[in-house]
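The chain contents come next:
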Amino acid sequence: MVYVGYYDVVRGQEIINSPYNPRLDSMADRVVRGKILDKDGNVLAETETADDGSEYRYYPYGDLYAHVVGYSTQGKSGLESSRNFELLTSNAFFLEKLQKEFQDEKNIGDNVVTTLDSNLQQAAYNALGDNKGAVVILSPSTGKILAMVSKPSYDPNAVLENWDALNSDPNSSLLNRATLGQYAPGSTFKIVTALEYMREHTDYENYGYDCIGEINYDGITIPCAGHTAHGQVNLADSFAYSCNSSFCNIGLQLDVSKYRNTAEDLLFNSKLPADLPYSKSQFRLSRKDSDGQRMMTAMGQGETQVSPYHMALITSAIANGGTLMRPYLVSAVTNYTGTVVKEETPEKYTDLMTSQEASLLKTYMQGVTSYGTGSVMSGEAYTVAGKTGTAEYSSESSDKNHSWFVGFTNVDNPELVISVIVEESDGNTKAVNVAKEIFDNYYY
């Protein structure tokens, strides 16, 4: 009984939505697949009927929502997969359903109403331009995911005819980089390193370091960006200027086991709350690793891997006083007439840190945008706290890098959390500028 109950309660939806479940085929024979809508009721996916009477799925926004909404031919992905059961369930008025059963007609499936904001989605899509990368935007106080963009994208209306080309695409267009992409976090990981240093050193406010543009330790030389000498810096300045030398120095002072515990407090090496498939982020530093690995990890290189989605969750917790709200993509399920069948409400997921720690990190992130590496954000009608990052992806040259930015707007009452990565930016397109273009579009 316990075994059956576990599968019914805990894994029921997973089993129902499995592409190997033949029950779904029988449901599709009796129900017209429902619509997927944005938060304002705009149609993101719907079923239409061809001249020959066959049904097909139509995506009015083309490649704009390709990865988050997904496709429903050649298998399923995105919300088309995770919400398959709801879309093939009809909660129409029972007399109407009964009548259609007698007339051998299909009932109309339920609609899935998402939290997605088409204006923000379009702004994020436009800001990324022709770059490979991803943007995740969410509300820190509710957990609502407002936008999720991955590039390069594809047209879900043409998946069937382009299937072979999409599967062999060297740019991996089908990959949702927002949740499945794995990248070195670059200097965005200094959020984790700073948090650990504060936890281990109650006198963190007395930290000081004299940056000469590089650090030399045990035969290893690691430069700051552009070999910039930052001079005498405290912890806040080290964070604002993203001083690699100072953070390498900090990394050498950390207890590796405690460092790992803090990373795992922030959901590294752990499951993430998610509506879509994701890659688990990895923190691999151990006591056996060299001092060079410790320094590289502290500045966000090393073997640490993280997704843009995960960095958005960490940033959201900082913006929300240390508490991570459960992120969600679906606000409600309605029948085809709009009657609510099921509604999601914001709920706490867990505390990633204390409110005091979150407040300190918020202050440090404000320094980044006021006088540090993200100062392009300063002087606007809206306020931003954030952290920039540059992650090298080639050992051949430090100029081969991805660009990161994580942050949130309206610092005193955070409204939007953003996580941006621009792949292979190589110093050209900066993620902080992508984020700023999105914010400008939203606030002006």
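For the structure, see preceding data.
Residues numbered from 1 in each chain as written. Predicted model: local features only at pLDDT ≥ 70, side-chain atom pairs only at ≥ 80, totals over all residues. Heavy atoms only, no water.

(A) Structural detail: the overall build of the chain. Across its full length, the chain holds 18 helices and 19 strands. If you line up the chain on its principal axes, its C-alpha atoms span 80 × 50 × 45 Å. Put simply, 66% of the contacts in the chain that link residues at least 6 apart link residues at least 24 apart. (Helix = DSSP H or I, 4+ residues; strand = E, 2+ residues; numbered from the N terminus. Contact = heavy atoms within 4.5 Å.)

(B) Quick look at the sheet that holds strand β14 (residues 330-334). Here 6 strands make up an open sheet; going across it, the order is β4-β3-β2-β6-β14-β15 and the pairing mixed. Sheet topology places β4 (55-58) and β15 (340-343) at the edges, where each strand pairs with a single neighbour. (Pairing = 2+ DSSP bridges.)

(C) Examining the packing of helix α16 (residues 308-319) against helix α17 (residues 355-371) more closely. Orientation of α16 relative to α17, taken along the N-to-C sense of each, is 105 degrees, at an axis distance of 8 Å. Taken together, the axes of α16 and α17 lie roughly perpendicular to each other. Residues T315, A317, I318 and A319 of α16 form the contact with α17, whose own contacting residues are A358, L361, K362 and M365. (Axes fitted to C-alpha atoms, helices over the stretch in contact; angles between N-to-C directions. Parallel < 35°, antiparallel > 145°, perpendicular 65-115°, else oblique.)

(D) Highlighting the pairing of strand β17 (residues 384-392). Most of β17 sits out of view: 7 of its 9 residues are buried. Bridge count between β17 and strand β18 (residues 401-409): 9 bridges; the pairing is antiparallel. Along β18, the bridge assignment pairs T388 with F405. (Buried < 20%, exposed > 50% of the residue type's maximum accessible area, 1.4 Å probe, protein only.)

(E) How the structure looks around the pattern of salt bridges. A full pass over the atoms with the stated rule returns 18 salt bridges. Here E380 and K436 are joined by a salt bridge, their closest N and O atoms 2.9 Å apart. With E380 in the loop between α17 and β17 and K436 in helix α18 (residues 431-443), this pair connects stretches of sequence that are 56 residues apart. Across the pair K436 and D440 runs a salt bridge, and its minimum N-O distance is 2.9 Å. Of this pair, K436 and D440 both sit in helix α18, 4 residues apart, which is roughly one turn of that helix. (Salt bridge = Lys/Arg side-chain N within 4 Å of Asp/Glu carboxyl O.)

(F) Just the sheet that holds β18, in detail. In spatial order, the strands read β8-β7-β19-β18-β17; together these 5 strands make up an open sheet with antiparallel pairing. Strands with a single pairing partner mark the edges of an open sheet, and in this sheet they are β8 (145-151) and β17. On average, adjacent strands in this sheet sit at an angle of 5 degrees to one another, irrespective of strand direction. In the packing of helix α8 (residues 118-128) onto the sheet, the strands contacted are β7 (133-138), β8 and β19 (417-422), and the crossing angle to β8 comes to about 30 degrees. Across the sheet, α17 lies against β17 and β18, angled at about 75 degrees from β17, the strand it touches most.

(G) Examining the pairing of β19 more closely. Counting buried residues in β19 gives 6 out of 6 residues, a clear majority hidden from the surface. The two faces of β19 match: V417, S419 and I421 on one face and I418, V420 and V422 on the other face are all buried. Direction of pairing for β7 relative to β19: antiparallel, over a ladder of 6 bridges. From the neighbouring strand, G133 faces β19, where its bridge partner is V422.

(H) Representation of the environment of D440 within the structure. With relative accessibility at 22%, the residue D440 sits in the partly exposed group. Those residues in contact with D440, other than ones at most four positions away along the chain, are E380 and Y382.

(I) Seen up close, the nonpolar core. Formed by 115 residues in total, the largest nonpolar core has its most connected members in V135, I137, F268, I418 and I438. If one sorts the elements of this core by residue count, α16 sits on top with 8 residues. For I438, the residues in contact, after removing those within four places along its chain, are L120, A123, A124, A127, V135, I137 and I418. (Core = buried A, V, L, I, M, F, W, Y, C linked by side-chain atoms within 4.5 Å.)

(J) Highlighting the packing of aromatic side chains. Applying the stated criterion to the full structure yields 15 aromatic pairs. Ring geometry for Y183 against W404: centres 6.2 Å apart, planes inclined by 90 degrees, an arrangement best described as edge-to-face. Here the residue Y183 occupies a position in the loop between α10 (177-180) and α11 (190-200), and W404 occupies one in strand β18, the gap between them amounting to 221 residues. You'll find Y183 and W404 in the same group, each marked buried. On the basis of an interplanar angle of 70 degrees and a centroid distance of 5.9 Å, the ring pair of Y382 and F439 is categorised as edge-to-face. Here F439 lies in helix α18 and Y382 lies in the loop between α17 and β17, a separation of 57 residues in the sequence. Classification of F439 as buried rests on a relative accessible area of 0%. Chaining the aromatic ring pairs together yields one cluster made of Y382, F439, Y442, Y443 and Y444. The residue whose ring lies beneath K387 is F239, and the NZ or CZ to ring-centre distance is 5.6 Å. (Phe/Tyr/Trp six-rings, centres within 6.5 Å; stacked < 30°, edge-to-face > 60°. Lys NZ or Arg CZ within 6 Å of the ring centre and 35° of its normal.)

(K) Molecular detail of the side chain of S425. Inspection of the secondary structure puts S425 in the loop between β19 and α18. Those residues in contact with S425 that sit more than four places away from it in its chain are N401, H402 and S403.

(L) Layout of the environment of G133. Among the structural elements, G133 can be located in strand β7. Distance from G133 to V422, taken between C-alpha atoms, is 4.5 Å for residues 289 residues apart in sequence. With near-sequence residues (within four places) excluded, G133 lies in contact with L128, V149, S150, K151, R177, I421 and E423.

(M) Region of the structure containing the packing of α11 against helix α14 (residues 256-265). Taken N-terminus to C-terminus, the directions of α11 and α14 make an angle of 125 degrees; their axes are 10 Å apart at the nearest point. Taken together, the axes of α11 and α14 lie oblique to each other. At the point where α11 passes α14, the crossing takes the right-handed sense. Between α11, through V192, T193, L195, E196, R199 and E200, and α14, the contact on the second element is made entirely by K258, Y259, T262, A263 and D265. A class-by-class count of the residues in the contact of α11 with α14 yields 4 nonpolar, 2 polar and 5 charged. (Left-handed = near helix turned anticlockwise from the far one by under 90°. Nonpolar A, V, L, I, M, F, W, Y, C, P; charged D, E, K, R; others polar.)

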